[in-house]
Amino acid sequence: MAKINTQHSYPGMHRLSVRTTDEDIERIENGCIRTHSLCEDASSELQRVISVEGRRLSESQTSSFAGRGAMARLSRFVISVRSWATRHLHHEDQRPDSFLERIRGPELIEVSSRQSNIRSFLGIRERPGGVNRKKNEIFVIDPSSNIYYHWLTIIAAPVFYNWCMLVCRACFDELQFDHIKLWLFLDYGSDIIYVLDTFVRFRTGFLEQGLLVQDEKKLRDHYTKTMQFKLDVLSLLPTDLAYLKLGLNYPELRFNRLLKISRLFEFFDRTETRTNYPNMFRIGNLVLYILIIIHWNACIYFAISKLIGFGTDSWVYPNVSIPEYGRLSRKYIYSLYWSTLTLTTIGETPPPVKDEEYLFVVIDFLVGVLIFATIVGNVGSMISNMNASRAEFQAKVDSIKQYMHFRKVTKDLEARVIKWFDYLWTNKKTVDEKEVLKNLPDKLKAEIAINVHLDTLKKVRIFQDCEAGLLIELVLKLKPTVFSPGDYICKKGDIGREMYIIKEGKLAVVADDGITQFVVLSDGSYFGEISILNIKGSKSGNRRTANIRSIGYSDLFCLSKDDLMEALTEYPEAKKALEEKGRQILMKDNLIDEEAAKAGADPKDLEEKVERLETALDTLQTRFARLLAEYTSSQQKVKQRLARVETRVKKYGSGTLSVEEAEAEKPEEKKQ
């Protein structure tokens, strides 16, 4: 057996331990948190060991599975595992799209909180003379984060359990006795979650001046001053300690746990805002509330029957000594049936006999009326909201059908119009984007538009090279349009008032006969910019230079001439780039007059400049007139003051006025 040399300690191997230096912190804070960072140190050390062991293997032959050869093979295996893990398990985060970065700008990162969290995660203490950290900065849960929503999901479960099972166990003794161990486990499990929720409340942040508060004292004071804190404390009171004296047959002692109901409502509200089917969720939520009310009413009915006496009259629950009515399932189902009939007021129930029975039935009827009104109102509004878009779209189709019938439009054209509407509805293109996004700021509108149409906009070269501000303006001015098969988007010689960008579909550049195809345009292609740029020296002027026809249904973005010029006014470099590209296209097709292009400024451009100068001059004249009026008014006031001073000097000479004379002079000044 070959001996393993233990004289070499390999001091470099000590670097494999987790380092807590500032260099590691900087690497982590700069987004370089990689699990394989330690593996990189290990691999470099192992490679050194392999090279040493390899040289030594040449001096002495050893076994394949022992000695230095085993060490070298083990090192190679570790390196191979490390390279595989690097490729498959420790990918870097996906780099953000540079196209979106130009619009969105750099992300705001809470550096201080992130650094403190990293240091607390690594267990690093501040060194003397190091960077001063905020003492009160702690780990805070953002109420808008996914972590907070997941916790709401967890805390909603025990709250819902208590609201459903406590009243049922308090009214049906068999249910409490037969599964006592299960109830104790679930009860105290829910209590543990309640306690954890209190700590979560203390660490839930809130916004102050638009920033998330991370000060421990502020968070504590903010929570303790709310009414919810008092309810949470009451819900955690150990009232079930009375089990020690009264026994385990009193689950109603835990009714204070029901005070946590606000967490359940908060979970429902957050889910409604997050779900893609809010109307369906509202209907399900409403049905759930109704079922809980019916469930509670059934339990209360059974408890009243037990208090009065089973089978004492026709209204209460039948005598439980009868085997048919002694089963637990029959007790609950019978009570639930009675509660449903009473609250929905759709069936006949035995009339009450005693006064307390009458009072309970009256209350039930009033609650039932409210429930029925709530069901009809809410379900009706939800269904109308679900079908609102369909009803609005159908109204448009019906009005156009009536118009075409009244104007005696040909059947062929009418069929094309109906097919066009069918295509819009089938492909969900009936939404008015401007109407939906009108309440958002322009920045978010542009970001949404770019995210929705990113694949198309990436292919457009004019969007790839332009500034972020111009990109925002252009995207907001784009108008989606849909063309049917065979429709002409533009014809040669037409006056160009807009340019088009193809989002989806195929367009053909055809000859004058409409059949011969020169080229087919697909997603991301754009055309029409030459006719709306008014390129100097263009032989066609602002008229179309080609016939373009839709092969199938095509979705296009339309940008009008006025919108483009308005956007390019503040971006002259982009305008020059577009004009230069259009000029190259015209020169390639021999559609530009070079002499006219070199002749000087276009008269139309001069007219536009003159109009802008006239507008600026009018503005200056208005401002000058306002200043002149203010100057005239102030000059008159100065003259009046000088006249009063001269009058005093003539009257009193160069001497000073006494107090009595000055007071006598004041009324005269007021009269003047």
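Residues numbered from 1 in each chain as written. Predicted model: local features only at pLDDT ≥ 70, side-chain atom pairs only at ≥ 80, totals over all residues. Heavy atoms only, no water.

Draft legend 1. Region of interest: the overall build of the protein chain. Scanning the protein chain for helices and strands turns up 29 helices and ten strands. When the accessible surface of the protein chain is summed, it comes to about 43,400 Å², and 59% of that surface belongs to carbon and sulfur atoms. (Helix = DSSP H or I, 4+ residues; strand = E, 2+ residues; numbered from the N terminus. Areas by Shrake-Rupley, 256 points an atom, 1.4 Å probe, with all protein chains shown as cover.)

Draft legend 2. Highlighting the packing of helix 12 (residues 261–274) against helix 13 (residues 278–308). Between helix 12 and helix 13, the least distance of the axes is 10 Å, while the angle of their chain directions is 160°. Judged on the interaxial angle alone, helix 13 and helix 12 are roughly antiparallel. Here helix 12 contributes Phe265, Phe268, Thr271 and Glu272 to the contact with helix 13, which in turn contributes Pro278, Phe281, Arg282, Asn285, Leu288 and Tyr289. Each residue belonging to the contact of helix 12 with helix 13 can be placed in one class, and the counts come to six nonpolar, two polar and two charged. (Axes fitted to C-alpha atoms, helices over the stretch in contact; angles between N-to-C directions. Parallel < 35°, antiparallel > 145°, perpendicular 65-115°, else oblique. Contact = heavy atoms within 4.5 Å. Nonpolar A, V, L, I, M, F, W, Y, C, P; charged D, E, K, R; others polar.)

Draft legend 3. The packing of aromatic side chains, seen in detail. All told, the structure shown has 29 aromatic pairs when counted by the stated rule. Aromatic side chains Tyr325 and Tyr334 sit 6.3 Å apart centroid to centroid with 90° between the ring planes, which places their arrangement in the edge-to-face category. Taking the relative accessible area as the measure of exposure, Tyr334 reaches 22% and is therefore partly exposed. Grouped by ring-pair contacts, the aromatic residues Phe172, Phe302, Phe310, Tyr317, Tyr325, Tyr332 and Tyr334 constitute a single cluster. For the cation-ring pair, Arg254 lies above Tyr188, with the distance from its terminal atom to the ring centre recorded as 5.7 Å. One Lys or Arg, Arg274, reaches over the ring of Tyr149 and ends 4.4 Å from the middle of that ring. (Phe/Tyr/Trp six-rings, centres within 6.5 Å; stacked < 30°, edge-to-face > 60°. Buried < 20%, exposed > 50% of the residue type's maximum accessible area, 1.4 Å probe, protein only. Lys NZ or Arg CZ within 6 Å of the ring centre and 35° of its normal.)

Draft legend 4. A look at the side chain of Lys445. Within the element layout of this structure, Lys445 appears in helix 20 (residues 442–452). If we skip the residues at most four places from it in the chain, Lys445 touches Leu437, Lys438, Leu440 and Leu476.

Draft legend 5. Inspection of the sheet that holds strand 8 (residues 526–527) at higher detail. Taking strand neighbours across the sheet as the criterion, the four strands line up as 3-10-5-8 in an open arrangement whose pairing is antiparallel. Strand pairing shows two members of the sheet lacking a second neighbour, strand 3 (479–483) and strand 8, which therefore form its edges. The pairing of strand 3 with strand 10 (residues 554–560) spans five bridges and is classified as antiparallel. Paired with Pro480 across the two strands is Phe557, which belongs to strand 10. Contacting strand 3, strand 5 (498–504) and strand 10, helix 25 (residues 561–568) crosses the sheet at an angle of about 55° to strand 10. (Pairing = 2+ DSSP bridges.)

Draft legend 6. Region of interest: helix 26 (residues 572–588). Here helix 26 spans 24 Å end to end across 17 residues, near enough to the 24 Å set by a 1.5 Å rise per residue. Following helix 26 by one or two positions, Asn590 adopts a phi angle in the positive range, close to 60°. (Expected span 1.5 Å × (residues − 1).)

Draft legend 7. How the structure looks around the pairing of strand 7 (residues 517–521). Sheet topology places strand 6 (residues 507–510) next to strand 7; four bridges connect them, and they run antiparallel. Each bridged residue has a counterpart across the sheet, and for Val510 the counterpart in strand 7 is Gln517. In this structure, the hairpin formed by strand 6 and strand 7 is closed by a connection of six residues, where Gly514 is found at a positive phi of approximately 80°.

Draft legend 8. Examining the sheet that holds strand 4 (residues 488–490) more closely. Overall, antiparallel pairing links the four strands, which are arranged 4-9-6-7 in an open sheet. Edge positions in the open sheet fall to strand 4 and strand 7, since each of these has one partner strand only. Taking each pair of neighbouring strands and ignoring which way they run, the sheet shows an average axis angle of 30°.

Draft legend 9. Main features of the nonpolar core. If you look at the biggest cluster of nonpolar residues, it comprises 26 residues, and the most contacted ones within it are Leu470, Leu564 and Leu568. Every element with two or more residues in this core is listed here: helix 20, helix 23 (468–477), strand 5, helix 24 (529–533), strand 10, helix 25 and helix 26. At four residues, helix 23 tops the list of elements feeding residues into this core. Once residues lying within four places of it in the same chain are set aside, the contact partners of Leu568 are Leu470, Leu533, Ala574, Lys575 and Leu578. The next biggest cluster of nonpolar side chains, apart from the first, holds 23 residues, and it includes Cys171, Tyr317, Trp338 and Phe360. (Core = buried A, V, L, I, M, F, W, Y, C linked by side-chain atoms within 4.5 Å.)

Draft legend 10. Geometry of the side chain of Thr204. Positionally, Thr204 belongs in the loop between helix 8 (180–202) and strand 1 (207–208). Only 2.6 Å separates the side chain of Thr204 from the backbone oxygen of Val200, close enough to count as a polar contact. (Polar contact = N/O pair within 3.5 Å; in protein donor to acceptor, adjacent residues only side chain to side chain.)

Draft legend 11. Geometry of the environment of Val140. With respect to the helices and strands, the residue Val140 is situated in the loop between helix 5 (111–122) and helix 6 (146–171). On the basis of relative accessibility, which here comes to 13%, the residue Val140 falls in the buried class. As for Val140 and Phe206, which are separated by 66 residues in sequence, their C-alpha atoms are 9.4 Å apart. Ignoring any residue separated from it by four or fewer positions in sequence, one finds Val140 in contact with Arg203, Thr204, Gly205, Leu212, Val213, Gln214 and Leu219.

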